[in-house]
Amino acid sequence: MINTHHFKEKLEVEKKSLEEELGQIAIFNTETNIWEATPDKEMMGEIDDNDAADRFEDFEERSGMTTTLQTRLSDVNRALAKIENGTYGLCEVSNDPIEEDRLEANPAARTNKAHMND
Ligand SMILES: [Zn+2]
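If you're wondering where the values come from, they're calculated on a predicted model, not measured in any experiment. (Residues numbered from 1 in each chain as written. Predicted model: local features only at pLDDT ≥ 70, side-chain atom pairs only at ≥ 80, totals over all residues. Heavy atoms only, no water.)

What follows covers the coordination of the zinc ion. Within the protein, the atoms that donate to the zinc ion are Cys91 (SG), Ser94 (OG), Asn112 (OD1) and His115 (ND1), at distances of 1.9 to 2.4 Å. Considering all four donor atoms around the zinc ion, angles at the metal cover 91 to 135° and the coordination shape is irregular. The sequence pattern describing where the donors of the zinc ion fall on their chain is C-x2-S-x17-N-x2-H. Linking Cys91 in the loop between helix H3 (49-85) and helix H4 (100-105) with Asn112 in the segment after H4, this pair joins segments that are 21 residues apart in sequence. Note on accessibility: Cys91 and Asn112 belong to one class, buried. (Donors = N, O, S within 2.8 Å, 3.2 Å for Na, K, Ca; no water. Tetrahedral: all angles 85-135°; square planar, octahedral: opposite > 155°, others 65-115°. Helix = DSSP H or I, 4+ residues; strand = E, 2+ residues; numbered from the N terminus. Buried < 20%, exposed > 50% of the residue type's maximum accessible area, 1.4 Å probe, protein only.)

Here it is as structure tokens:
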């Protein structure tokens, strides 16, 4: 039997740190429930052309990072919801138990090892 309490703690720690990281590069849009990368202040106002390309790259980077973190956060939230409804630790493809070492490495894993590439 899986110790869901143990994994819930791990997931909550990860959720907190993901939200902190997102908070530094993005703002949460409460209408769409989506994290949006924040533009540079300089992009909104005066900026000389030499810097413009660099700044844009920074924003692109932040957008990419925001997407990555947001995807991870939604997996974590999904796993927490599964703990609540009693389906945590079951493969979403086969419904077989997910190996404990896999959950230990990734508590938000959605599939067991047999279906990790599905
Ligand atoms: Zn499976």
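Turning to the nonpolar core, a few remarks are in order. Most often, soluble globular proteins keep nonpolar side chains buried together rather than apart. Core analysis: the largest hydrophobic core is formed by 20 residues, its most contacted members being Leu11, Val76, Tyr88 and Leu103. Breaking this core down by element, the ones donating at least two residues are helix H1 (4-25) and H3. In terms of residue count, the dominant contributor to this core is H3 (six residues). Discounting chain neighbours no more than four positions away, the residues touching Val76 are Leu11, Glu14, Lys15, Leu18 and Ala108. (Core = buried A, V, L, I, M, F, W, Y, C linked by side-chain atoms within 4.5 Å. Contact = heavy atoms within 4.5 Å.)

Moving on, we come to H1. The terminal C-alpha atoms of H1 lie 31 Å apart, and with 22 residues this matches the ideal 32 Å at 1.5 Å per residue to within 8%. When H1 is considered as a whole, its buried residues turn out to be Phe7, Leu11, Glu14, Leu18, Leu22 and Ile25. All buried residues of H1 fall inside an arc of 75° around its axis, so they share one side. Among the exposed residues of H1, those oriented more than 90 degrees off its buried face are His5, Val13, Lys16 and Gln24. (Expected span 1.5 Å × (residues − 1). Arc of directions from axis to C-beta.)

With that settled, the discussion passes to the pattern of salt bridges. With the rule as written, the count across this model stands at eight salt bridges. Among the salt bridges present, the one from Lys113 reaches Asp101, with a minimum N-O distance of 2.8 Å. Of this pair, Lys113 sits in the segment after H4 while Asp101 sits in helix H4, and the two are 12 residues apart along the sequence. Lys113 gets classed as partly exposed once you look at its relative accessible area, which sits at 39%. Each of Asp75, Arg78, Lys82, Glu92 and Arg110 takes part in salt bridges that share partners, so that together they form one network. (Salt bridge = Lys/Arg side-chain N within 4 Å of Asp/Glu carboxyl O.)

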